[in-house]
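Letter by letter, the chains look like this.
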Amino acid sequence: MIPASKRRLVSIALIVVGLLAVLGVRLYDLQIGSHAKYLTLASQDQVRDIVTPSVRGQILDDTGQVMVGHQSSLVVAVNMATLGQQADGGKAELARLARLLNISDKTLTESVRICTAGVQQPCWQGSPYQPIPVAQNVSQQVALQLMEDKSAFPGVSADIQPVTEYNQPLATAAAGLVGYLQPITPQELAALHQPVTGFTGEDLVGQAGLEGQYDSALRGTTGINEVATNAAGQVTSTIKDVKPVAGDNLVTSINGPLQIATENILANSVQAAHAANPGATSGAAVVMTTTGRIVAMASYPTYNPSVWTNGLSETEFKRLFGTRDGEPILERGTQGEYPPGSTFKVTTLTAGVKSGDSLNGSYDCPASTRVGGHTFMNDSGNQGQMSLHQALVVSCDTVFYNMGYRIWQHDNPKANTVTSPKAPVQFEQKVELQWGFGKGTGVDLPQESGGTIPTREWLYYYWKDNAHTGQNWCKYGRQNGSYIQQIEWDDCRYGNIWLPGQAIIASIGQGYVAVTPLQLADAYAALANGGTLYSPRIGQELVSPSGKVVQKITPPVMGHLPASKGTLAYIRSALQGVITSGTAAGTFRGFPLHQVCVAGKTGTAQVFGKNSTSVFASFAPCNNPKYVVVMMIPDSGFGADVSGPGVRQIWDAIYGLQGKKAALPGGKLPATPHITGAGTVVQTTPTVSASPSSTPTAGALPFVQLPADTAAGGKSDSGKPWGRAG
Amino acid sequence: MSSWRSSQGLASQRPAPPVPGSASYRGLPPVRLGGSTARRGGFGSGPEFRRGRRGRVRQLLGQIFGPGSPLRHLNWVLLAAVLALCTLGTLLVWSATATNGLNTSDPYLTKSILNIAIGLVLMVGVSMLDYRQLRQYAPIVLAASCLGLIVVLLPLGSLTAPVNGSKSWISLGAGFQIEPSEYAKLSIILVGAMILGDLPRRERRPKVRALAIMLAICVVPLLLVLAEPDLGVVIVMLALMIGMIALSGIRLRWLIALLAGGAAGATGALQLHLLKAYQLGRLTSFLHPSADPSGTGYSAHQSEIAIGSGGLTGEGLFHGQLVAGGFVPEQHTDFIFAVAGEEIGFIGCLVIIALLAIVLLCAIRIAARADDQFGTLVAGGIVAWFAVQAFINIGMTIGIMPVTGVPLPFVSYGGSAIFADMIAIGALQAVHRHRSVFA
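Computed from a prediction, not measured in an experiment: that's the story for all the values here.

About the cut-offs
Residues numbered from 1 in each chain as written. Chains lettered and ligands numbered in written order. Predicted model: local features only at pLDDT ≥ 70, side-chain atom pairs only at ≥ 80, totals over all residues. Helix = DSSP H or I, 4+ residues; strand = E, 2+ residues; numbered from the N terminus. Buried ≥ 20, exposed ≤ 12 C-beta atoms within 10 Å, placed from the backbone. Contact = placed C-beta atoms within 7 Å. Core = buried A, V, L, I, M, F, W, Y, C linked by C-beta atoms within 7 Å. Axes fitted to C-alpha atoms, helices over the stretch in contact; angles between N-to-C directions. Parallel < 35°, antiparallel > 145°, perpendicular 65-115°, else oblique. Left-handed = near helix turned anticlockwise from the far one by under 90°. Nonpolar A, V, L, I, M, F, W, Y, C, P; charged D, E, K, R; others polar. pLDDT = per-residue confidence, 0-100. Pairing = 2+ DSSP bridges.

On to the overall build of chain A. Within chain A, the secondary structure is distributed over 26 helices and 25 strands. Across the 726 residues of chain A, 51% fall into the buried class. Put simply, 74% of the contacts in chain A that link residues at least 6 apart link residues at least 24 apart.

In structure tokens form, the structure reads like this:
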């Protein structure tokens, strides 16, 4: 061997050993260092989850009538992102599909084109990356044909998909109550630990209303069939097979016919008020039992909840959430905050009695009261001495001004001026809170406003938020400026102090005070039932698809009114007088009170720069009250003129008076219905994706993204821009 | 090392052990060295064979196992390592092709065993040749393999139908195929060794002229393989040529010039788009394995997953889930190492690499002790071949080398590849048998 070769052979030997060492090191890295990572990848390679969506539970009214139903149906969807990659843009495939689905080529083409500036309806308004449903309730035969001939129909899927069916007109009348379903957000997905069904790349989850509140019960359990597959996507074995469990049905206490009637009456009332005062565009009405069950809750304007199906278009989004159309998305029964006006006097009366005023005493009802340099007028002039009974019947403001002022004087004066978030709750506010105002009722709806009771703490933060920021009173306020500028100048200096003037207007349900219609109805239910304050409930029971009652829902007791039975009976008798001889006598003229004795209270809350908020709260029968009916219509007029007639018509509808059909004949609630079965389940063989790299994803988000806080409780419909009575 | 030696002071007082490679070590008289192949190999039909049947058997056994038998002069370590690799390979091929449960009638198992048996016969046959005769066969082997490579390229219908875009096989029917490019590697080694090892008298290293002749001849099979196209084989051929040229002792400046020229040529090939898009994709996709996991990087990605999921001890032979699911394409041939990675784990993979190391180090030793420059170059060429091919093959399964279709020597399934490998081992044994006593 020549010497040069010998040297080179040593080099070759070293290179060979080096190469093998490189392999060894890399193998160590793969098999020992990153073993766990590759183990995960390997299981992703082999294991497929075939997810079968569960049939969602239905929402039923108190007779078992379906409000919102969910059916599983075979839906054919077209993924245009896949079809668009074909040379002819998928034209030939669409033509084949149209023949198979037995629809015209034109119809199919139109339903899959994306809505853009120049494209007229019909077109697809959702995300272009989302499979577009083109046919529902297709036969199994067609579905199988599509599945078996995947190569002829790439991008076309046929799968079971829940289809929401709304029972009209009930669903529209109760749109705010039933809520809506929306694609699950990645955050919700993580919180639910639910598998993604993966069909349209989006899973629906109840986002508002009862759909949101009872989502976990309604949605059921998604079925997962975990299978091992080979590289070709063929199933080799089943690892885990969890069958889908249909969701429970929710039986509500909503009475379908009454809900529709209430919505119609409310709509008519608002529209009638609108004719006189164009500002009147919205309102709410609540019908509930005195035991806390909501029988009807109407919000106006309302909308057809089927707009949510297949994604909301931008136009629909604007209509639902925009102020131009009165924000139909708001459920004003729980999200509208309005000054209660004189209906609030019942709370002031109990506070007065608690602080020493006698029910047998005589009270002066002058034309005006002067407190702290301001003059507070009575709407109906000087009426002389009267009992508290009469003060409620004629709704004398000055009696309650004076009562409020006395209570303010009884309070610790230092506490009225202390500026601290830990300031004590003053006497009158304490009583108002005990009536259930100032905080949510805890109703079974996910978004509820709490209303406002101006406690010292609330006042502190209100001033802090608006003195130098927010409304910036100290910047815009003028001592000798306009009315509003004067108020701002005042608020800048004294906004953090509980002034007697504020206490006085709060005592007649104006000023800072705001309540939701449901809060008012709930308070009147407590007044009517003898003092028990319930947390209202819409749900009555959850029934499994097999008909078993899974959960009975009863309105829990939240507390008791701060008044004796005698005081409440005294108030109830006064409210009976309101109807027979008081502020609502004209409204109820001709009403068959001998058949159904209605008691109630009018409220006309003055709002600066607008028409009054018309409020009417009532209960019946007088002696053994069963139901409460409340209506609130902001910016409309007197309580007796707008809401009063509306409430009267609702009583007609409940009892079937004056030619109306009785929704609750004899005032009796229907017996709890027996519910069995869920929506029809259509079973087909699920398909497995053939591409090993495809894993289910959280899915395309809807075309229109909802701002996180839009549908949440942050929004309220307050009718008072400056929180001041005129 | 010095301390080891000093502690063995007593050893020097013992009778000196036979020096490996000396005549006494091998147990045969030096005079037999280089004797007639015809007689020793038993291929002839001398009068001594005309005896009784029993006698003939005894004679034959004596020939095979007797003191003068060539079997006795085989490098048994090398053979054992090769057989171990073949056995492992057969088991892995069996596992890789047992898609519906293990089955002894698996045609791949049968054919794999048959291939190895034929290969062993070829190996023994070649090892019995006087390796210097290989020199005479070199042009014949080259001509035959070039002819095969030309036939492959001819449009002969099903006989030479392309597989995976390459026309590499001559189909003989009944599932038997010939892959001439495997033999072309052998022919390049033999011809290269013949030319570069033929040193003129008093010359200590080959001249540039020899290098030029070698390149001119070897470029013929190279271009033919490139035309198939089989990029993997071309790379292996280039590597073994470079290895042999380096080993030939040619001046370093020529070697550097050659490498520079080669680099320039490769750049030129890229510039002129001589590589097809899919070839370029395969060559570069390993750099970004996750860029297109279902495209060109799919095989490499799946292979990495299979090997990585094997861990220290693997899932057990025949128990690989990914193997059973067929996630790695070509897992019984080019990606057999992925099967090893998943089923027998890091330890099993190290065993395979260690066995390859034994084969390669034996071959290097044989090269070092070869009787002449031809023997050194043949052995060195085989070292370069196996080393580069094993590195490319295992490297592509673990994501450090591009995916090119080269089999793992002795382990991958494939008739022509095993035959060529075994012939190479036979050549190594032949060189070993005639190793220089004085080296």
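And the narrative resumes.
In globular proteins that are soluble, nonpolar side chains generally tend to be buried together. Of all hydrophobic cores here, the largest spans 133 residues; its most connected members are Ile336, Ala363, Val378, Ile382, Val383 and Ala427 of chain B. Looking at this core, the element that brings in the most residues is helix H15 (residues 336–368) of chain B, giving 20 residues. When residues no more than four places from it in sequence are discounted, the contact partners of Ala363 of chain B are Ala379, Ile382, Val383 and Leu428 of chain B. Counting 127 residues, the second largest nonpolar core, distinct from the first, contains Val178, Tyr300, Val513 and Val578 of chain A.

Moving on to the packing of helix H15 (residues 345–354) of chain A against helix H19 (residues 427–434) of chain A. Describing two packed helices takes the angle between their axes plus the distance from one axis to the other. Residues and elements named next belong to chain A. Where H15 contacts H19, the axes come no closer than 9 Å and their chain directions differ by 125°. Here H15 lies oblique to H19, going by the angle between them. In this structure, H15 crosses over H19, and the sense of that crossing is right-handed. Along its contact with H15, which presents Thr347, Thr350, Ala351 and Lys354, the element H19 presents Phe427, Glu428, Val431 and Glu432. Split by residue class, the contact of H15 with H19 holds three nonpolar, two polar and three charged.

Residue and element names in this part refer to chain B. Across chain B, the average pLDDT comes to 81, with 78% of residues at 70 or higher. For the stretch residues 1–18, pLDDT sits under 50, and the model shows two contacts to residues farther than four places along the chain or on other chains. Note that residues 20–49 has pLDDT below 50 and, in this model, 35 contacts with residues that lie over four places away or in other chains. Predicted as a complex, the structure gets a pTM of 0.62 and an ipTM equal to 0.83.

Turning to the interface of chain A and chain B, a few remarks are in order. Taken together, the 35 residues of chain A in the interface contact 46 residues of chain B. Those elements that place two or more of their residues in the side of chain A that touches chain B are helix H1 (3–33) and helix H2 (35–46) of chain A. Among the elements that line the side of chain A that touches chain B, the one with the most residues is H1 of chain A, at 17 residues.

Further remarks concern the sheet that holds strand E23 (residues 613–620) of chain A. Residues and elements named next belong to chain A. The five strands lie next to each other as E12-E11-E24-E23-E22, forming an open sheet whose pairing is antiparallel. A strand with exactly one partner marks an edge of an open sheet, and here the two such strands are strand E12 (294–300) and strand E22 (599–605). Each neighbouring strand pair of the sheet contributes to a mean axis angle of 5°, computed without reference to strand direction. By the bridge criterion, seven bridges tie E23 to strand E24 (residues 627–633) in an arrangement that is antiparallel. Counted as the bridge partner of Phe616 is Met631 from E24. Along the sheet face, helix H12 (residues 256–276) touches strand E11 (283–289), E12 and E24 and points at about 35° away from the line of E12.

With that out of the way, let us pick up the pairing of strand E19 (residues 539–543) of chain A. Residues and elements named next belong to chain A. By the criterion of burial, E19 is predominantly enclosed, with five of the five residues buried. With four bridges joining them, strand E10 (residues 249–252) and E19 adopt antiparallel strand pairing. Along E19, the bridge assignment pairs Thr252 with Gly539. In the sheet, E19 pairs with strand E20 (residues 549–552) via three bridges, with the strands oriented antiparallel. Following the sheet pairing, Leu542 is matched in E20 by Gln551. From the end of E19 to the start of E20, which pair antiparallel, there are five residues, and Gly547 there has a positive phi angle of about 100°.

Turning next to the confidence of the model for chain A. Regions with low pLDDT should not have their predicted coordinates read in detail. Residue and element names in this part refer to chain A. Confidence along chain A averages 82 in pLDDT terms, with 86% of residues attaining 70 or more. In the model, residues 197–202 has pLDDT below 50 throughout and makes 22 contacts with residues more than four positions away in sequence or in other chains. Below a pLDDT of 50 lies the segment residues 678–726, which in the model reaches 125 contacts outside its immediate sequence neighbourhood of four places, other chains included.

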